[in-house]
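# Observations on chain architecture
Below, each chain spelled out in residue letters.
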Amino acid sequence: MEKQERDKLLTNAMDAYGHYLTRLAYALVKDKEKAEDIVQEVFIRYYLHLDQFEGRSSVKTYLYRITVNECRNYFKSWAFRKIEVSKIVSTFLIEKETPEEAYLKQEDKSYIAALLNKLPTKYKEVIWLYYYAELSVKEISDILNCSSNTVKTRLARGRKKAQLTISEEETDHVKKR
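Residues numbered from 1 in each chain as written. Predicted model: local features only at pLDDT ≥ 70, side-chain atom pairs only at ≥ 80, totals over all residues. Heavy atoms only, no water.

By size, the foremost hydrophobic cluster in this structure holds 39 residues, and its most contacted members are Y64, L129 and L144. Where this core is concerned, the elements lending two or more residues are helix 1 (3–29), helix 2 (32–48), helix 3 (59–76), helix 6 (121–132), helix 7 (137–144) and helix 8 (148–176). By residue number, the principal contributor to this core is helix 1, which donates nine residues. Discounting residues that sit within four places of it in the chain, L129 has contacts with L24, Y64, V68, E134, L135, I140, I143 and L144. (Core = buried A, V, L, I, M, F, W, Y, C linked by side-chain atoms within 4.5 Å. Buried < 20%, exposed > 50% of the residue type's maximum accessible area, 1.4 Å probe, protein only. Helix = DSSP H or I, 4+ residues; strand = E, 2+ residues; numbered from the N terminus. Contact = heavy atoms within 4.5 Å.)

In this section: the pattern of salt bridges. Per the counting criterion, the structure on display carries six salt bridges. Two residues, E70 and R45, come together in a salt bridge whose shortest N-O distance is 2.5 Å. Of this pair, E70 sits in helix 3 while R45 sits in helix 2, and the two are 25 residues apart along the sequence. Residue R45 is classed as partly exposed on the basis of its relative accessible area, which comes to 29%. (Salt bridge = Lys/Arg side-chain N within 4 Å of Asp/Glu carboxyl O.)

Think of an α-helix as 3.6 residues a turn; residues three or four steps apart then line up on the same face. Taking 1.5 Å as the rise per residue, helix 2 with 17 residues should run 24 Å; its terminal C-alpha atoms sit 24 Å apart, in good agreement. Here helix 2 has its buried residues at A35, I38, V39, V42, F43, Y46 and Y47. Contacts from the buried residues of helix 2 go to helix 1 and helix 3. With a side-chain oxygen positioned 3.1 Å from the backbone nitrogen of E33, the residue opening helix 2 is D31. (Expected span 1.5 Å × (residues − 1). Polar contact = N/O pair within 3.5 Å; in protein donor to acceptor, adjacent residues only side chain to side chain.)

So, on to the packing of aromatic side chains. Across all of its chains, the model carries three aromatic pairs by this definition. Relative to F75, the ring of Y74 lies with its centre 5.7 Å away and its plane at 50°, an arrangement referred to as tilted. The positively charged end of R6 is found above the aromatic ring belonging to Y47, 4.8 Å away from the centroid. (Phe/Tyr/Trp six-rings, centres within 6.5 Å; stacked < 30°, edge-to-face > 60°. Lys NZ or Arg CZ within 6 Å of the ring centre and 35° of its normal.)

Don't take any of this as a statement about function, it's just geometry.
Right, here's the structure in full:
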């Protein structure tokens, strides 16, 4: 493959998926700068291994899988074990709205993000990919390299754990009154 063709494929992938990959990485690592570093590493790996991409999945699925793997590698790394992960809520597109609406929306996002952060990583990954990245169960199974049934089970258990967390917090809130 010629360098110009490789460069064009990389540019197209960066334009089409860069924002989504950054959001995914951020949802998993909870650090904006680290998420950006991970996505940069994803695109470097994609560029270096373009010749090996067989097209058995879409480029989007392929890049999501590399991103998830890079995030997992980060969690295994020495750097992650030696630092405290910040608790920053994921940033989404801001629409034109009143300050009150923006505040309420941010409160809801903060609450949902806090619930997701309490879930084990294996549930957090599938819930984020399913609801926020809007991927199908099949695409998620390809990304996480597991069966569709495993993805469905993790989705169900993750939802149940999130519901239990909501119930516990509501109970604690009532007790404090």
